[in-house]
Amino acid sequence: MQRSTTSRSSGDLLADRRYDYAMFAKAEGDLAAAADLLAQALEIVPRWAPAWFALGEVEAALERREEAVAAFRRALEHDPSDALGAGLALARLGAADAAAAMAPAYIAALFDQYAPRFDSALRAGLAYRGPEILLDAVTRVRSGRGQGGTVGRMLDLGCGTGLAAEIFAAHAGVIDGVDLSPRMVEVARQKGIYRTLAVGDLAGFLGQQDAASADLVVAADVFVYVADLAPSARDSARVLKPGGLLAFTVETHGGEGVVLGAGLRYAHAEAVVRAVIADAGLELLLLEAVSTRNEADRPVPGLVVVAEKG
Ligand SMILES: C[S@@+](CC[C@H](N)C(=O)[O-])C[C@H]1O[C@@H](n2cnc3c(N)ncnc32)[C@H](O)[C@@H]1O
């Protein structure tokens with residue numbers, strides 16, 4: 001009997017073994033054998049989404065686009081919440097809308113498995129510096145307005161394990177956080193910095209906040225998972241007090257629009273960010289080129305943005 005459409009175990013011993021052998025063949029570079037073994041596993045358990053997903057990856061590596069697209073579609077069919085990220089794989093193959101490809105279940109699953117090693121992987125591995133960049137930007141904006149001391153209430157959107165709250169803790173009265181990944185939130189909770197922590201989507205979280213109830217809304221390295229920033233900017237504008245600040249980082253690129261990169265993160269063109277801020281009725285106070293992290297030891301191009309609710 002099949003236990004779960006997204007479980008790495010199909011519930012059938014023989015199918016599991018075929019899958020394991022396929023992964024071994026793939027690791028050894030024998031893609032044809034991997035494809036064959038996955039097809040055999042799927043003959044036994046045809047509704048097993050991870051095997052369809054793995055087959056899609058193997059077919060893509062074999063540069064058999066049509067077969068890859070078909071396999072990823074079957075993965076999506078058997079895992080409609082798309083915890084595996086088949087929508088993103090289809091978007092990378094040009095077979096799905098990139099802007100709609102980032103499923104909440106995929107983000108939650110991705111960061112749930114990442115949570116225990118997130119802090120060390122980001123800080124040491126990728127030289128992640130988003131929170132420091134944001135604190136510096138917010139501090140410069142505030143001191144330019146003659147403001148020192150702490151802000152009152154900060155909202156930490158996509159708070160993850162609480163890296164931003166650790167940096168902002170001495171500069172904010174209270175911090176409330178939200179994140180899609182229960183395990184990331186659990187790590188954040190153990191740090192004891194937040195007043196409240198919620199598991200959920202940032203749109204739902206912002207929608208539940210009272211109007212004009214926050215002094216600072218921070219999104220550190222979160223909007224790379226959000227194609228359309230307009231709803232978050234509009235909701236933040238509603239939730240901010242007059243004079244309150246929205247501060248966030250994005251990855252960017254030299255072209256136009258929003259691009260889904262090979263790292264399965266969105267990059268927003270500067271013009272997109274400016275338009276989103278203006279459409280939300282916010283005033284742009286700071287927009288600077290920065291890099292919040294390295295990839296393959298090279299800084300990833302990004303922007304830091306601070307905007308004010310008038
Ligand atoms: C790269 S981590 C950054 C975490 C934290 N802000 C930091 O600076 O370390 C991105 C986080 O955003 C969360 N996230 C992405 N999209 C989200 C959404 N739509 N709603 C809530 N959380 C989201 C992910 O679960 C993940 O924990």
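Each chain has its residues counted from 1, running along the sequence as written. Under the rules for a predicted model, residues below a pLDDT of 70 receive no local features and side-chain atom pairs below 80 are neither given nor counted, while totals for whole chains, interfaces and linings still include all residues.

Points about the overall build of the protein chain
Logical step 1: Helix and strand definitions follow DSSP, with helices as H or I runs of at least four residues and strands as E runs of at least two, each counted in order from the N terminus. In terms of regular secondary structure, the protein chain is built from 13 helices and eleven strands.
Logical step 2: The globule rule is 2.2 Å times the number of residues to the power 0.38, and the radius of gyration it is compared with is taken over C-alpha atoms. Compactness check: the protein chain gives a C-alpha radius of gyration of 21 Å against a globular reference of 19 Å for 310 residues, within 12% of the reference.
Logical step 3: Over its C-alpha atoms, taken along the principal directions, the protein chain stretches across nearly 70 × 40 × 35 Å.
Logical step 4: Going through the 310 residues of the protein chain one by one, you find that 46% of them count as buried.
Logical step 5: Restricting to contacts in the protein chain with at least 6 residues of sequence separation, those with at least 24 account for 59%. Burial in this document is a count-based property: other C-beta atoms within 10 Å of a residue's C-beta are tallied, and the residue is buried at 20 or more, exposed at 12 or fewer, or partly exposed in between, with C-beta positions derived from the backbone. Two residues form a contact once the distance between their C-beta atoms, set from the backbone, is within 7 Å.

What about the site of the ligand?
Logical step 1: Placing a C-beta atom from the backbone of each residue, we mark the residue near a molecule or strand if the atom is within 6 Å of it. Lining the immediate surroundings of the ligand are 21 residues, of which Gly 158, Gly 160, Leu 163, Ala 220 and Tyr 225 lie closest.
Logical step 2: Elements with a minimum of two residues in the shell around the ligand: helix 6 (104-114), helix 8 (130-144), helix 9 (163-168) and strand 2 (172-179).
Logical step 3: Three residue categories are used. Nonpolar comprises Ala, Val, Leu, Ile, Met, Phe, Trp, Tyr, Cys and Pro, charged comprises Asp, Glu, Lys and Arg, and polar comprises the others, including Gly. A per-class count over the shell around the ligand returns 14 nonpolar, four polar and three charged.

As for the domain arrangement of the protein chain
Logical step 1: Those domain boundaries reflect an automatic or database domain assignment. Each assigned domain of the protein chain is listed with its residue range as follows: domain 1 (13-96) and domain 2 (115-309).
Logical step 2: For domain 1 and domain 2, the distance between their C-alpha centres works out to 35 Å.

Describing helix 8
Logical step 1: Expected helix span is taken as 1.5 Å per residue step, with the number of steps being one fewer than the number of residues. Across its 15 residues, helix 8 extends 21 Å between first and last C-alpha, which sits within 8% of the 21 Å expected from 1.5 Å per residue.
Logical step 2: Turning to helix 8, its buried residues number three or more, namely Gly 130, Pro 131, Ile 133, Leu 134, Ala 137 and Val 138. An end-on view of helix 8 places all buried positions within 160 degrees of arc, on one side of the element.
Logical step 3: Contacts made by the buried residues of helix 8 are with helix 9, strand 4 (214-219), strand 5 (240-251), strand 8 (282-290) and strand 11 (302-309). To be clear, the arc concerns the directions from the helix axis to the C-beta atoms.

Side note on the confidence of the model for the protein chain
Logical step 1: Looking at the protein chain as a whole, the pLDDT averages 95, with 98% of positions reaching at least 70.
Logical step 2: Scored from 0 to 100, pLDDT records how confident the predictor is in each individual residue. Confidence over residues 1-5 falls short of pLDDT 50; this stretch has 13 contacts with residues more than four positions distant or in other chains.

Quick look at the nonpolar core
Logical step 1: Think of a nonpolar core as buried Ala, Val, Leu, Ile, Met, Phe, Trp, Tyr and Cys residues, each tied to the set through C-beta atoms within 7 Å. Formed by 101 residues in total, the largest nonpolar core has its most connected members in Leu 38, Ala 41, Leu 216, Val 218 and Ala 247.
Logical step 2: Here this core gets seven residues from one element, more than from any other, and that element is helix 3 (residues 49-61).
Logical step 3: In terms of domain composition, this core takes at least three residues from each of domain 1 (13-96) and domain 2 (115-309).
Logical step 4: Excluding its chain neighbours within four sequence positions, the residues that come into contact with Leu 38 are Tyr 19, Ala 22, Ala 51, Ala 54, Leu 55 and Val 58.

Re the packing of helix 2 (residues 31-44) against helix 3
Logical step 1: Here an axis means a line fitted to C-alpha atoms, over the contact stretch when the element is a helix, while the angle between two N-to-C directions is reported on a 0 to 180 degree scale. Where helix 2 meets helix 3, the axes come as close as 9 Å, and the angle between the chain directions of the two elements is 155 degrees. Between helix 2 and helix 3, the angle falls in the class roughly antiparallel. Our pair here, helix 2 against helix 3, has a crossing hand that is left-handed. Between helix 2, through Leu 31, Ala 34, Ala 35, Leu 38, Ala 39, Ala 41 and Leu 42, and helix 3, the contact on the second element is made entirely by Ala 51, Trp 52, Ala 54, Leu 55, Val 58, Glu 59 and Ala 61. An angle below 35 degrees is read as roughly parallel, one above 145 as roughly antiparallel, one from 65 to 115 as roughly perpendicular, and any other as oblique. Each crossing gets its handedness from the near helix: less than a right angle anticlockwise from the far helix is left-handed, clockwise is right-handed.

Observations regarding the packing of helix 3 against helix 4 (residues 65-78)
Logical step 1: Running from amino to carboxyl end, helix 3 crosses helix 4 at an angle of 160 degrees, the nearest separation of the two axes being 8 Å. Between helix 3 and helix 4, the angle is such that the two are roughly antiparallel. The hand of the helix 3/helix 4 crossing is left-handed. Judged by residue contacts, Ala 49, Trp 52, Phe 53, Leu 55, Gly 56, Glu 59 and Ala 60 of helix 3 engage Glu 67, Ala 68, Ala 71, Phe 72, Arg 74, Ala 75 and His 78 from helix 4.

Side note on unusual backbone geometry
Logical step 1: Even without glycine at this site, Asp 82 takes up a positive phi of about 60 degrees.
Logical step 2: Mapping Asp 82 onto the fold places it in the loop between helix 4 and helix 5 (86-92).
Logical step 3: The phi dihedral of Asp 297 is positive, around 65 degrees, even though this residue is not glycine.
Logical step 4: As for its placement among the helices and strands, Asp 297 is situated in the loop between strand 9 (294-295) and strand 10 (298-299).

Re the environment of Arg 17
Logical step 1: In this fold, Arg 17 is placed in helix 1 (residues 13-27).
Logical step 2: The spacing of Arg 17 and Gln 40 is 23 residues in sequence and 10 Å in space, taken between C-alpha atoms.

Structural notes on the environment of Phe 72
Logical step 1: Tracing the backbone through its elements, the reader meets Phe 72 in helix 4.
Logical step 2: Remark: the alpha-carbon pair of Phe 72 and Leu 134, spanning 62 residues in sequence, is separated by 38 Å.
Logical step 3: Setting aside anything within four residues of it in sequence, one finds Phe 72 in contact with Phe 53, Gly 56, Ala 86, Ala 89 and Leu 90.

Some remarks on the environment of Leu 38
Logical step 1: The residue Leu 38 is located in helix 2 in this model.
Logical step 2: For the pair Leu 38 and Ala 51, spaced 13 residues apart in the sequence, the C-alpha separation amounts to 6.2 Å.

Focus on the pairing of strand 11
Logical step 1: Burial of strand 11 is extensive: seven of the eight residues sit out of reach of the surface.
Logical step 2: One requirement defines pairing of two strands: DSSP has to find at least two bridges between them. As paired elements, strand 8 and strand 11 share eight bridges and run antiparallel to each other. Directly across from Glu 283, in strand 11, lies its bridge partner Glu 308.

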